[in-house]
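# An overview of the molecular structure
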Amino acid sequence: MRKTKGEDLTKRLFKELFKVDCEDIPREKDKKTADYFLKADNRIIAVCEVEDIEYDYPSEERGWKLEPDGGWSKEAPVNDEGRIGKKVQRAFSQLKDYSCPKILVIVDFDDFAHPLHSLEAATTGVGGSRIIIQETFGGVEINANSYHIAKGKIKDMVEKIDLYFWIDGQKKKFIGSRCFSNNFCAKQLQKFIWTRKIV
């Protein structure tokens, strides 16, 4: 099966930056499988699912409006967190049956302005890009849209994915990683991968 741009880029960057190999997982009929086993020193350290976020090309079919000056505008507000939430949901369905640590790599080809902030908003409900109703509880900004996503369908999925990596698909580089799990092993895995970084 043909790999996506993000899958190819993930494989290359993990190898070049962390000396971690991405081993293809064979597809099985009538069974959901992840994209890669991550291997360090010939040992499986995690299973990995890659999700691409493509550039939202302006078109009337996508809800954009062509202005008289030739520019495009979109009435609907930005909903970065909603797009991320869908990726978390899809990735979890591919990862959930594996017993080893689970990693979701999001490859952003759409140039998110604040990618890790948007990731945190989508998974925790705090902050975010699309302000509908915003209130402050104990000094913490609650965004109604982000909160709805984080506490909705993906609520019980977020912490079951041990690590999240964000790759800038246009610049072809890692932006960073996040661990939303209280699992000690997940935090140690994040530390282990980053300490292998080639500088």
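Residues numbered from 1 in each chain as written. Predicted model: local features only at pLDDT ≥ 70, side-chain atom pairs only at ≥ 80, totals over all residues. Heavy atoms only, no water.

## So, the overall build of the chain
Applied cut-off: Segments assigned H or I by DSSP are reported as helices when at least four residues long, segments assigned E as strands when at least two residues long, and all are numbered from the N terminus. Each residue is assigned to one of three classes by its accessible area relative to the maximum for its type, calculated with a 1.4 Å probe on protein chains only: buried under 20%, partly exposed between the two thresholds, exposed over 50%. A contact between two residues is defined here by any heavy atoms of the two lying within 4.5 Å. Per-residue and other accessible areas were derived by the Shrake-Rupley procedure at a 1.4 Å probe size, with only the shown protein chains allowed to occlude residues.
The secondary structure content of the chain amounts to five helices and ten strands. Counting all 199 residues of the chain, 46% fall into the buried class. Put simply, of all contacts in the chain between residues at least 6 apart along the chain, 60% involve residues at least 24 apart. For the chain, the accessible surface area stands at approximately 11,400 Å², while carbon and sulfur atoms represent 50% of it.

## What about the packing of aromatic side chains?
Just so we agree on the cut-off: In this scheme Phe, Tyr and Trp rings, the latter by its six-membered ring, pair at centre separations within 6.5 Å, and the angle between planes marks the pair as stacked below 30 degrees, edge-to-face above 60, and tilted otherwise.
All chains considered together, the criterion is met by eleven aromatic pairs. Relative to Phe165, the ring of Phe18 has its centre 6.4 Å away and its plane inclined at 65°; by these criteria the two rings are edge-to-face. You can see Phe18 sitting in helix α1 (residues 5-18) and its partner Phe165 sitting in strand β9 (residues 163-168), a full 147 residues away along the chain. Judged by its relative accessible area of 0%, Phe165 is buried. Ring plane angle 65° and centroid distance 5.3 Å describe the contact between Tyr164 and Phe180, whose orientation is recorded as edge-to-face.

## A closer look at the pairing of strand β10 (residues 173-178)
Worth spelling out the cut-off: Should DSSP find at least two bridges between two strands, the strands are regarded as paired.
Two elements, β9 and β10, share five bridges in a ladder whose sense is antiparallel. Across the sheet, Asp168 pairs through a bridge with Lys173, a residue of β10. Joining the antiparallel neighbours β9 and β10 is a turn of four residues, in which Lys172 adopts a positive phi near 55°.

## Focus on the environment of Leu104
With respect to the helices, strands and loops of the structure, Leu104 is situated in strand β6 (residues 102-108). Given the relative accessible area of 0%, Leu104 is considered buried. Along the backbone, Leu104 and Ile161 are 57 residues apart, and their C-alpha atoms lie at a distance of 7.0 Å. Once you skip the residues sitting within four places of it in the chain, Leu104 turns out to touch Glu49, Glu51, Lys87, Val88, Ala91, Ile161, Leu163, Tyr164 and Phe165.

## A look at the pairing of strand β3 (residues 43-53)
Burial of β3 is extensive: nine of the eleven residues sit out of reach of the surface. As paired strands, strand β2 (residues 36-40) and β3 are joined by five bridges and run antiparallel to one another. Its bridge partner lying in β3, Leu38 is registered against Ala46. Hairpin connection, β2 to β3: the antiparallel pair is bridged by two residues, and Asp41 has positive phi, about 55°. Bridge count between β3 and β6: seven bridges; the pairing is parallel. Each residue of the ladder has a partner; that of Val47, found in β6, is Lys102.

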